[in-house]
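Residues per chain are reported as follows:
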Amino acid sequence: MNPPGENQHCERGLTWIKPSFLWMMYRCGWATKAGQETVLAIEITRDGFEWALRHACLSSYVRGLHSDRSTWQRQLKRAPTRVQWDPERDLHLRPLTYRSLQLGLSGEAVRRYADEWTVAISDVTPLAREIHDLVRRSELDAAAGLLPQEHPYPAGDEPLAALHP
C-alpha cells in the first residue's frame, strides 16, 4: 500500500515500512509465519513519508551512484532511514520484474513515526487470510479484486533522486 497505509515490521533493529501489500504478504507468509500472524496497516502522513525519503540512504552500496564505499558507509550510519528495493510479488508471492521500496526507520525517524506521522492503525489480518484463501482455491480474479488499491508513488525526482540503484 502506498502512503497512507503502510505495513511495517521490525527487523535488525529497524522498523520497516512495507508500502506493498503483496510484498508484506510475502514477508509474513499471508500472516502464517510464527510471530507474524497479525498484519497491521499503518496510515502515516505524506509529509512524514517524504521526510523519511529525504533523510534516507540506500541500504547497500551501488557503484556509480555512491562516490565510494566508505562515503556510503558514513552516510548509512548517519541516516535515520534507509531504503532497499525488493522484487514486487504476484498473488502467488512469486517475484515480479519490478521492485518495491522498503523503508527502514531508526532513531529520530522511529520517534517521528510513532509520535507525529501515524494517523491510523487497522488490522488487515482478516483481509490477508481471505485473499490467501481465494488464491489457494485458484480464484485469482476474486483475490485480485480484494487487494488494496496501490499506485506508483507520485514523488517528484527530489525525494527519490539518490535512492535509485
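Everything below is about the structure printed above this text.
Since this is a predicted model, take the numbers as computed values, not measurements.

S.K.: Sorry if this is basic, but what is going on with the pattern of salt bridges here?
M.R.: Pairing is possible between side chains that carry opposite charge, provided their charged atoms lie close to one another. Counting across every chain of the model gives 8 salt bridges. A salt bridge links arginine 112 to glutamate 108, with the nearest nitrogen and oxygen atoms 2.8 Å apart. One end of the pair is arginine 112 and the other is glutamate 108, both in helix H4 (residues 108–117) and 4 residues apart, which spans about a single turn. Arginine 112 is paired through a salt bridge with glutamate 116; the nearest N and O atoms lie 3.8 Å apart. Taken together, the positions of arginine 112 and glutamate 116, both in helix H4 and 4 residues apart, correspond to about one turn of that helix. Judged by relative accessible area, glutamate 116 falls into the partly exposed class, the value being 42%.

S.K.: What is the right way to read the packing of helix H2 (residues 46–54) against H4 from this model?
M.R.: The description of two helices packed together rests on the angle between their axes and the distance between the axes. Where H2 contacts H4, the two axes come as close as 10 Å, and the packing angle between them is 175 degrees. Considered as vectors, H2 and H4 are oriented roughly antiparallel to each other. Judged by residue contacts, Gly48, Trp51 and Ala52 of H2 engage Glu108, Ala109, Arg112 and Trp117 from H4. Its residues assigned to classes, the contact of H2 with H4 comprises 4 nonpolar, 1 polar and 2 charged.

S.K.: Would you explain the environment of leucine 103 in this entry?
M.R.: Summarising the element assignment, leucine 103 is placed in strand S6 (residues 95–105). When its relative accessible area of 0% is taken as the criterion, leucine 103 is described as buried. In the structure, leucine 103 is positioned 20 residues away from valine 83 in sequence and 4.8 Å away in space, judged by C-alpha atoms.

Definitions and cut-offs
- Residues numbered from 1 in each chain as written.
- Predicted model: local features only at pLDDT ≥ 70, side-chain atom pairs only at ≥ 80, totals over all residues.
- Heavy atoms only, no water.
- Salt bridge = Lys/Arg side-chain N within 4 Å of Asp/Glu carboxyl O.
- Helix = DSSP H or I, 4+ residues; strand = E, 2+ residues; numbered from the N terminus.
- Buried < 20%, exposed > 50% of the residue type's maximum accessible area, 1.4 Å probe, protein only.
- Axes fitted to C-alpha atoms, helices over the stretch in contact; angles between N-to-C directions.
- Parallel < 35°, antiparallel > 145°, perpendicular 65-115°, else oblique.
- Contact = heavy atoms within 4.5 Å.
- Nonpolar A, V, L, I, M, F, W, Y, C, P; charged D, E, K, R; others polar.

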